[in-house]
Amino acid sequence: MRITADREVCCAAGQCALIAPDLFDQSDEDGSVVLLDARPDTGRLDVLREVVSRCPTGAIRIEEEPGA
């Protein structure tokens, strides 16, 4: 799996960084999402689904990789 974070869509709510601080941070400049790990362990899928569901703008997505 691969995670994407669209900084152009992000509204800097910070839910991602609060829920999964090892995977997401916020920019010091504008507070937008900073992706720390685009390919986390699949054991983190439940946490990532929560991040996606709580992102108010849909800036964060989980992408399934072919053959995975």
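All values derive from a computational prediction rather than experimental measurement.

Undergrad: How would you sum up helix α2 (residues 45–54)? Please name residues and give values.
TA: What α2 keeps buried is the set Leu 45, Leu 48 and Val 51. Viewed end-on, α2 has its buried residues packed into an arc of 115°, placing them on one side of the element. Exposed side chains of α2 directed beyond 90 degrees from the buried face belong to Asp 46 and Ser 53. Buried residues along α2 sit in contact with β1 (2–5), α1 (15–19), β2 (24–26) and β4 (60–63).

Undergrad: Tell me what's going on with the UniProt feature "domain: Divergent 4Fe-4S mono-cluster" (unreviewed entry) in the protein, and back it up with residues and numbers.
TA: In the UniProt entry, the feature "domain: Divergent 4Fe-4S mono-cluster" (unreviewed entry) is given for residues 1–64. What you have in residues 1–64 is 23% helix and 22% strand, and the ends, taken at the C-alpha atoms, are 5 Å apart.

Undergrad: Which residues make up the environment of Leu 18, and what values go with them?
TA: Structurally, Leu 18 can be placed in helix α1. The exposure class of Leu 18 is exposed, given its relative accessible area of 66%. Separated by 33 residues in sequence, Leu 18 and Val 51 place their C-alpha atoms 9.1 Å apart.

Undergrad: Please provide a residue-by-residue account of the pattern of salt bridges, values included.
TA: This structure, assessed with the given rule, holds 5 salt bridges. The partner of Arg 2 in a salt bridge is Glu 63, and the shortest N-O contact between them spans 2.9 Å. Separated by 61 residues along the polypeptide, Arg 2 in strand β1 and Glu 63 in strand β4 bring together distant segments of the chain. For Arg 2, a relative accessible area of 31% corresponds to the partly exposed category. We note a salt bridge from Arg 54 to Glu 50, for which the minimum N-O separation is 3.0 Å. On the criterion of helical spacing, the pair formed by Arg 54 and Glu 50 is a turn pair, its members being 4 residues apart in helix α2. Among the residues examined, Arg 54 registers a relative accessible area of 46% and is labelled partly exposed.

Rules used in this analysis
- Residues numbered from 1 in each chain as written.
- Predicted model: local features only at pLDDT ≥ 70, side-chain atom pairs only at ≥ 80, totals over all residues.
- Heavy atoms only, no water.
- Buried < 20%, exposed > 50% of the residue type's maximum accessible area, 1.4 Å probe, protein only.
- Helix = DSSP H or I, 4+ residues; strand = E, 2+ residues; numbered from the N terminus.
- Arc of directions from axis to C-beta.
- Contact = heavy atoms within 4.5 Å.
- UniProt positions renumbered as here; feature names shortened; annotations may be inferred.
- Salt bridge = Lys/Arg side-chain N within 4 Å of Asp/Glu carboxyl O.

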